Every structure is written in structure tokens, then in C-alpha cells.
Amino acid sequence: MKPKHIIESQQFNVPFITELFASAQRMEKTAAKGGTQDYNNKIMASLFYEPSTRTRFSFETAMHRLGGRILSTENAQEFSSAIRGESLEDTIKVISHFVDAIVLRHNEIGGAKRAAEVSSVPVINAGDGKGGQHPTQALTDLFTIYKEIKTIEGLNIALVGDLAQGRTVRSLAYLLSKYERVKIFFVAPEKLQIHEDICKHLEENEIWFTKENDLRKIIGEVDVVYQTRIEKENLKVTESEYEKIMESFYIDSKMMQKLKQSAIVMHPLPRLKEISPEVDTDKRSAYFRQAQNSIYIRMALLASVMEG
Ligand code: CP
């Protein structure tokens, strides 16, 4: 069943994800040849109320590779009528009559859902609020695991960093809950641990999980380390306290020695200091391949929603 809008990870099932991955693999071949003109009569609006490098550029690249056209605002809080007090709903009602799909990053949790309720064309959630969701990033992440390790079932996966506010982690946890025998290690400082809504969802779906506060303790047990940013401001600690806490989470050459040879390190990016650049050349560091995979997943998603 093809969804009209892409709003949250809970809306997908495994057959849809499997078909999306097959489409993304075809899109990778299409992109390698420079793209297609199949969607040259389609227009996508990218409407970003929050900063972005990867998500906006990769959606726009994906649309170009499909042969489509783009309307874009990268700072909609200032460069749209939002600054004059226009509601999100009014903006979407207007733009949805101009284009064939809207890619929206909004600063409030639920922004994409509100937009979808009033839009006449598909809305794709490109991240909504702190602690909301980022489902197209999570589909990219899952696709990367599938490409790198050839399976998702039975994997041990560490989700690390600011799990309280990280929308990519929340969306990925919902996706992982659809797969058999997955084990999830939530690794975070206590203040930034995963919220109860996700734990409850995992319990309901009989997914094994544990909460840890030191990556060093479990890194040798996992197949995937999914690292995310920990911002000092969110911990509300001094610089020296922050450095001390981060010793349990930094991935550097020493930490990589504890990681299985068959395991991978991922990060949705941007990173701060939580992964040292010295490990970028390690073949297990998959984060730049992960960013590239986002093009193929987004080409497949755009094709899916624009075909109707
Ligand atoms: N991964 C991600 O969402 O990055 P941006 O904030 O740069 O889009």
C-alpha cells in the first residue's frame, strides 16, 4: 500500500520498506547514469523552517536526478510570509496548488502532520521539531544497514547520543521494531535517555532493549553503532563536566579496536566531536556512504508519492 504522505516511521510496513529498498537500488543505477527525465513535468517544493545541509540538498539532488523541478526556501521562518504571521496551514494550502510534492522541515513536533491535513499534494516530513521524527533519514539509515550487512533481522544495534531529542533515533527505533530478533542498546547520559513512548512501543512489539550509559561497555557486542550528537547545552553542564561525560561516548581509534571487524559505525550527521575524523578512513565507518544513500532513498520516495 503506497502512502500519500510520508510523516512518521510507524506508517510503514516491511513489504513497503522492502519494495522501497528495491526501488532505491534501481535509482542508484539510474543516478550513476546521470538520472532520468521521467518526472520532468513535476515540481517539488522544499520548505525548510530549520537549517539543513544534507536533507535539503539530497532531496533537491534526488528531484534533479528524476528530471523534475524545484521551488526552495531554506529559511522559511524569515524568507516566507511566516515572518508576517502566516500560519503553516495557509502556507501549505497555497503551495500545494503550485507543486506536486512538498518536502517540509518544521520547527514544531507535528508540523508535517498538520501540513498533510490541509495539503492537496503529498507532504514529506524532513524533520519536525526537537524530539519529533525524521522518517526519510531513518529509511536511509535502515537501507544503509541493509546494504552494508545484507540483513536487518537478528542484528545488535547501539543507538548512541542524545536519544531524548534526536528525531533520527526515534524514527529509526520505530523502523527497527518491525524486524525479527533485533536487539537495541540505548546508550546515553541519563538526562538524554530514550523516552518512555519508544520503550513502550518496543515492549508492545516484543523487541529486546536495554539502556546503558557507557559505549565502552557494549561496543564489542554490537553489529551497528549509530552515533548522534550530544550538545553541551542539552546536558546543562560545565565544559569540564561535558568532556568527562563524553569520554564514555567518543569514537576514536582506541574505541574502534573494541568494535567487531564486521560491524559498522553510522551517524546521520552533522557531527561535533563524538566521532574523531581519524576513524573516517576505517572501512567500518559508513557515515559518508550513509549520506550518499539518502539520494537513492529520496529518489525512490519522491517517485512513489508523485506517481500517486
Ligand atoms: N541528517 C540530517 O538531517 O542533516 P541536516 O540537518 O543537515 O539535514
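Residues numbered from 1 in each chain as written. Predicted model: local features only at pLDDT ≥ 70, side-chain atom pairs only at ≥ 80, totals over all residues. Heavy atoms only, no water.

The number of helices and strands found in the protein chain is 13 helices and nine strands. For the protein chain, whose C-alpha radius of gyration is 19 Å, the value lies close to the compact-globule estimate of 19 Å for 308 residues. Taken along its principal axes, the extent of the C-alpha atoms in the protein chain is 55 × 45 × 40 Å. Sequence separation of at least 24 residues holds for 72% of the intrachain contacts in the protein chain that already meet a minimum separation of 6. Carbon and sulfur atoms form 49% of the exposed surface of the protein chain, whose accessible area is close to 13,700 Å². (Helix = DSSP H or I, 4+ residues; strand = E, 2+ residues; numbered from the N terminus. Rg over C-alpha atoms; globule rule 2.2 N^0.38 Å. Contact = heavy atoms within 4.5 Å. Areas by Shrake-Rupley, 256 points an atom, 1.4 Å probe, with all protein chains shown as cover.)

A large share of strand β1 (residues 43-48) lies buried, amounting to five of its six residues. Note: β1 against strand β2 (residues 69-73), five bridges, orientation parallel. Each bridged residue has a counterpart across the sheet, and for M44 the counterpart in β2 is I70. Each parallel crossover has a hand, and the one from β1 via helix α2 (residues 54-65) to β2 is right-handed. Inspection of the sheet shows β1 paired to strand β3 (residues 101-106) by five bridges, in the parallel sense. Paired with A45 across the bridge in β3 is I102. (Buried < 20%, exposed > 50% of the residue type's maximum accessible area, 1.4 Å probe, protein only. Pairing = 2+ DSSP bridges. Right-handed = clockwise from strand over helix to strand, strands pointing away.)

Going through the model one piece at a time under the given rule, you end up with six aromatic pairs. Judged by centre distance (5.2 Å) and plane angle (50°), the ring pair of F21 and F143 falls under tilted. Highlighted residues: F21 in helix α1 (residues 14-32) and F143 in helix α6 (residues 135-149), separated in sequence by 122 residues. Per residue, the accessibility class of F21 equals that of F143, and both read buried. Counting every residue linked through ring pairs, the aromatic cluster contains F21, F143 and Y146. The ring of W208 carries K183 above its face, with NZ or CZ at 5.3 Å from the centroid. (Phe/Tyr/Trp six-rings, centres within 6.5 Å; stacked < 30°, edge-to-face > 60°. Lys NZ or Arg CZ within 6 Å of the ring centre and 35° of its normal.)

Here we take up the site of the ligand. For the ligand, the full set of nearby residues is S52, T53, R54, T55, R105, H134, Q137, P268 and L269. Between the ligand and the protein, one listed contact pairs an oxygen atom with a side-chain N or O atom of H134 at 2.9 Å. Contact between the ligand and P268: a nitrogen atom at 2.9 Å from a main-chain N or O atom of the residue. Isolated, the ligand exposes 260 Å² of accessible area, and the fraction of that covered by the protein chains is 90%. Of the residues in the shell around the ligand, the class split is two nonpolar, five polar and two charged. Per-domain counts for the shell around the ligand show at least three residues from each of domain 1 (9-133 + 294-307) and domain 2 (135-290). (Near = heavy atom within 4 Å. Polar contact = N/O pair within 3.5 Å; in protein donor to acceptor, adjacent residues only side chain to side chain. Nonpolar A, V, L, I, M, F, W, Y, C, P; charged D, E, K, R; others polar. Domains from an automatic or database assignment.)

Across the sheet, five strands lie side by side as β7-β6-β5-β8-β9; this open sheet has parallel pairing. Among the strands making up the open sheet, the edge pair consists of β7 (208-212) and β9 (264-266). The sheet shows a mean angle of 20° between the axes of neighbouring strands, direction not considered. Here strand β5 (residues 156-160) pairs with strand β8 (residues 224-227) via four bridges, running parallel. Residue pairing for β8: L159 is matched across the bridge by Y226. Sheet strands touched by helix α8 (residues 196-204): β6 (183-187) and β7. Its angle to β7, the strand with the most contacts, is close to 150°. (Axes fitted to C-alpha atoms, helices over the stretch in contact; angles between N-to-C directions.)

All right, on to the domain arrangement of the protein chain then. Domain boundaries in the protein chain define domain 1 (9-133 + 294-307) and domain 2 (135-290). Between the C-alpha centres of domain 1 and domain 2 there is a distance of 25 Å. Contact residues are listed per partner, giving 29 residues for domain 1 and 25 residues for domain 2. Taking both sides of the interface into account, the surface hidden between domain 1 and domain 2 amounts to around 2,400 Å²; carbon and sulfur atoms contribute 60%. It is S9, F21 and R54 in domain 1 that bury the most area against domain 2; as a group they hold 24% of the surface buried on that side. In this structure, the connection of domain 1 to domain 2 is made through two salt bridges. Between E50 and R167 there is a salt bridge, and its shortest N-O distance comes to 3.1 Å. Linking domain 1 with domain 2 are 11 residue pairs in polar contact (both at pLDDT 80 or more), by the criterion used here. At the level of secondary structure, the elements contributing two or more residues to the side of domain 1 that touches domain 2 comprise α1, α2, β3, β4 (123-128) and α13 (287-307). Ranked by residues supplied to the side of domain 1 that touches domain 2, first place goes to α1 with seven residues. (Buried area = accessible area lost by both parts, 1.4 Å probe. Salt bridge = Lys/Arg side-chain N within 4 Å of Asp/Glu carboxyl O.)

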